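# Breakdown of the fold
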Amino acid sequence: MTDTTSQAGTGHAPRTVDPDPDFAAQAVAQAALYEEADTDRLGFWARQARELLTWDTDFTQTLDWSGAPFAKWFVGGRLNVAVNCVDRHVEAGDGDRVALHFEGEPGDTRTITYAELAADVRRAANALAALGVQAGDRVAIYLPMIPEAVVAMLACARLGAPHSVVFGGFSADALRSRIEDAEAKVVITCDGSYRRGKPTTLKPAVDAALAKGAPSVTNVLVVRRNGEAVDWTEGRDVWWHDAVGAAGEEHEAQAFDAEHPLYILYTSGTTGKPKGILHTSGGYLAQAAYTTKNVFDLRPERDVYWCTADVGWVTGHSYVVYGPLALGVTQVVYEGTPDTPDKDRWWSLVEKYGVTVLYTAPTAIRTCMKWGEEYPGRHDLSSLRVLGSVGEPINPEAWAWYRRVIGADRTPVVDTWWQTETGAMMISPLPGVTTLKPGSAQVPLPGVAAEVVDDAGEPLGHGQAGYLVLTEPWPSMLRGLWGDPQRYVDTYWSRFPGRYFAGDGAKRDEDGDIWLLGRVDDVMNVSGHRLSTAEIESALVSHPTVAEAAVVGATDETTGQAVVAFVILRGGAQEGPDTVRELREHVGQEIGPIAKPRSIMVVAELPKTRSGKIMRRLLRDVAENRATGDVTTLTDASVMDTIRAGMTRSE
Ligand code: WTA
């Protein structure tokens, strides 16, 4: 293996890492994929869809783009997504293969085979049907990382009832607005979970959400996880173990159109209102399966895969549930935090289950770097073969640490760029094929077309920074925003007509490899989670003492970005010792703990342009402790001096 010399600014990271010849000889992905896709992109996708999925009715057309930007993939095809993810593996004789190695935070474990998972999904589908859930009805899922989350999603898919999973860390208000937007009929939740050794609760947030609104909900299905006491609404609330336990294992699955909605997943956009990203069945599952297989070099009979993402995020949808299960892979599902009971918990799980492929986020890797090498050093990690990264750019130092300390300087590290909207990975090296380059997501996957363009939409030369666009439709692309087709067109397809605008800055280097440079809109990326500045600002101004608020994402060593808020208090409101704490709590209640600002600065004025737009760029300078940039477009340039002076005082 040749590790070429360090590049300036990348610390200990090698500039490139060639594929290991032994790995390459056995690799699932082959360089020929690029050639095949380049020659006949649609033919390539059609082959993937037919080889990776089982269709009840074959499709007659690969792509119908006549209604662009609204795509139809695999037209005329019919399939059942849940059958593809479980039942067909049982029919193929793999029913005894473990689907899920579940490990609860307290150490309790469950081993669920594909046959058992199939039975659970069928029972849960019967239970949901008994509650009146039919194809097309929406079901909200508000659960921690327990097997029932996977079962619930698949039961919905089996019935053709789109699910809307809401991350368990979101507040009652955030949950309510998502349930209301999707007009969900049933909510699936649990009493609570465990976090850092303590029981948590989830049901109270559902109760609070439903007390305030969400009239579409007729039933709440409640999993018993930690035995915490819960309030009970007779006639509405149903225990999962009663309903699912009593339900029969026989359930006839119906085949749905390839474009039948599979799920809605809300994500932050540039306005205060989260967007309901809509994904459908055939194209989504095909690309999820194709990327899981090739990017992770997965062979179901060999590998034990673990993606640390929560099902509340898209990574959990595509790379815990749909991709790996469509392939019939064995995987680990872990409920808790990486430092419970100690900072080696993840590594103990890798050793215990013999994990071969690990997929996690740069923020987690940087946290482990901070904790130190002794924790992974306590365990035998030699089973690992491939390491993946997602959620934000991985800095070359973290990449190099991940490969050296976790991957014994042997495993490929794949940096995968994609979004909730893209449904599946889009830009990533292929292990065993691509010469890796720490810090860069590198190349569009075979079948995917991306470009870096300038303001006018012209492709840029190497070395120049611009905007990332996707120039051809792809199977797992979002099919729109729930209930708001115009916003879909405006947000993604209007900035550069005919091309998909990702909202990310990017550049190509001298080799043509793509480097992602972070968001170019008002979306922040905190620990790999998308948060909107506008959403947090509106949470802050909903507090009675706040007149105005501006939020920026400031660079943070561990979390990538951190939320920094500037607030102006209402006339008469005094800044007390508890103001900042109270406002942080308020944001936590309005959105969820992940949205709490790292710091809040009370200021007298905010920097604004003459047209009244807040100049976040200047606030970012302050938040990151830099000299203030160009202030000539400010109405009053002295505002920045006042803000800085105020900050020094409060430090
Ligand atoms: C960022 C998560 C650089 C990017 C799957 C994107 C990345 C947003 C990478 C989507 C990566 C994700 N390198 N940036 N490998 N992966 N991003 O919707 O800004 O939660 O637009 O999907 O995360 O976040 P989302």
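Residues numbered from 1 in each chain as written. Predicted model: local features only at pLDDT ≥ 70, side-chain atom pairs only at ≥ 80, totals over all residues. Heavy atoms only, no water.

An unreviewed UniProt entry annotates the protein chain as Acetyl-coenzyme A synthetase of Kineococcus glutinatus. The record held by UniProt for the protein chain lists under Catalytic activity (unreviewed entry) the comment "acetate + ATP + CoA = acetyl-CoA + AMP + diphosphate". The record in UniProt for the protein chain states the following under Cofactor (unreviewed entry): "Mg(2+)". (UniProt positions renumbered as here; feature names shortened; annotations may be inferred.)

### Here's the deal with the overall build of the protein chain
Scanning the protein chain for helices and strands turns up 20 helices and 30 strands. For the protein chain, whose C-alpha radius of gyration is 24 Å, the value lies close to the compact-globule estimate of 26 Å for 651 residues. Projecting the C-alpha coordinates of the protein chain onto the three principal axes gives extents of approximately 75 × 65 × 55 Å. Looking at the protein chain residue by residue over its 651 residues, the buried ones come to 61%. (Helix = DSSP H or I, 4+ residues; strand = E, 2+ residues; numbered from the N terminus. Rg over C-alpha atoms; globule rule 2.2 N^0.38 Å. Buried < 20%, exposed > 50% of the residue type's maximum accessible area, 1.4 Å probe, protein only.)

### Some thoughts on the packing of helix H6 (residues 147–159) against helix H11 (residues 314–327)
The geometry of H6 relative to H11 is characterised by a closest axis approach of 11 Å and an angle of 60 degrees between their N-to-C directions. By the criterion of interaxial angle, the relationship of H6 to H11 is oblique. Our pair here, H6 against H11, has a crossing hand that is right-handed. For the pair H6 and H11, contact is made by Val150, Met153, Leu154 and Ala157 and by His317, Val321, Tyr322 and Leu325, respectively. Considering only residue class, the contact of H6 with H11 consists of seven nonpolar, one polar and no charged. (Axes fitted to C-alpha atoms, helices over the stretch in contact; angles between N-to-C directions. Parallel < 35°, antiparallel > 145°, perpendicular 65-115°, else oblique. Left-handed = near helix turned anticlockwise from the far one by under 90°. Contact = heavy atoms within 4.5 Å. Nonpolar A, V, L, I, M, F, W, Y, C, P; charged D, E, K, R; others polar.)

### Regarding the sheet that holds strand E25 (residues 514–519)
The strand order E21-E22-E24-E25 describes an open sheet built from four strands, whose pairing is antiparallel. Edge positions in the sheet fall to strand E21 (450–453) and E25, since each of these pairs with one other strand and no more. Neighbour to neighbour, the strand axes of the sheet diverge by 45 degrees on average, direction disregarded. Here four bridges tie strand E24 (residues 500–508) to E25, and the two strands are oriented antiparallel to one another. Residue pairing for E25: Lys507 is matched across the bridge by Trp515. (Pairing = 2+ DSSP bridges.)

### Points about the UniProt feature "binding site: ATP" (unreviewed entry) in the protein chain
UniProt records the feature "binding site: ATP" (unreviewed entry) at Gly391, Glu392, Pro393, Asp415, Thr416, Trp417, Trp418, Gln419, Thr420, Asp504, Arg519 and Arg530, using the numbering of this structure. Residue position: Gly391 is located in the loop between strand E19 (386–390) and helix H15 (396–406). What makes Gly391 partly exposed here is its relative accessible area of 30%. Not counting residues within four places of it along the chain, the set of residues in contact with Gly391 comprises Asn525 and Gly528.

### Let's talk about unusual backbone geometry
Note that the residue after Ala68, namely Pro69, is joined by a cis bond; omega there is 5 degrees. Relative to the helices and strands, Pro69 is located in the loop between strand E1 (61–64) and strand E2 (72–75). Following Thr340, the chain continues into Pro341 via a peptide bond in cis, with omega recorded as -5 degrees. Checked against the element boundaries, Pro341 lands in the loop between strand E17 (330–334) and helix H12 (345–353). For Glu183, which is not glycine, the phi dihedral falls at a positive 50 degrees. With respect to the helices and strands, the residue Glu183 is situated in the loop between helix H7 (172–182) and strand E8 (186–190). Phi at Asp409 is positive, roughly 60 degrees, even though this residue is not glycine. With respect to the element layout, Asp409 can be found in the loop between H15 and strand E20 (413–416).

### Describing the sheet that holds strand E7 (residues 163–165)
One open sheet accounts for eight strands, arranged E12-E11-E8-E6-E7-E14-E15-E23; its pairing is mixed. Edge positions in the sheet fall to strand E12 (237–239) and strand E23 (480–481), since each has one partner strand and no second. Inspection of the sheet shows E8 paired to strand E11 (residues 219–223) by five bridges, in the parallel sense. Bridging across to E11, Val186 finds its partner in Asn219. Helix-sheet contacts for H6 involve strand E6 (139–141), E7, E8, E11 and strand E14 (261–267), and the interaxial angle to E6 is about 165 degrees. In the packing of H7 onto the sheet, the strands contacted are E6, E8 and E14, and the crossing angle to E14 comes to about 145 degrees.

### Some details on the side chain of His586
Along the chain, His586 falls in helix H18 (residues 579–590). Only 2.9 Å separates the side chain of His586 from the side chain of Ser542, close enough to count as a polar contact. With near-sequence residues (within four places) excluded, His586 lies in contact with Ala539, Ser542 and His543. (Polar contact = N/O pair within 3.5 Å; in protein donor to acceptor, adjacent residues only side chain to side chain.)

### What about the packing of helix H13 (residues 362–371) against H15?
Where H13 contacts H15, the axes come no closer than 10 Å and their chain directions differ by 70 degrees. As the angle between them shows, H13 and H15 are arranged roughly perpendicular. Taking contact as the criterion, the partners of Ile365, Arg366, Cys368 and Met369 in H13 are, on H15, Glu397, Ala398, Trp401 and Tyr402. Taken together, the residues that form the contact of H13 with H15 break down as six nonpolar, no polar and two charged.

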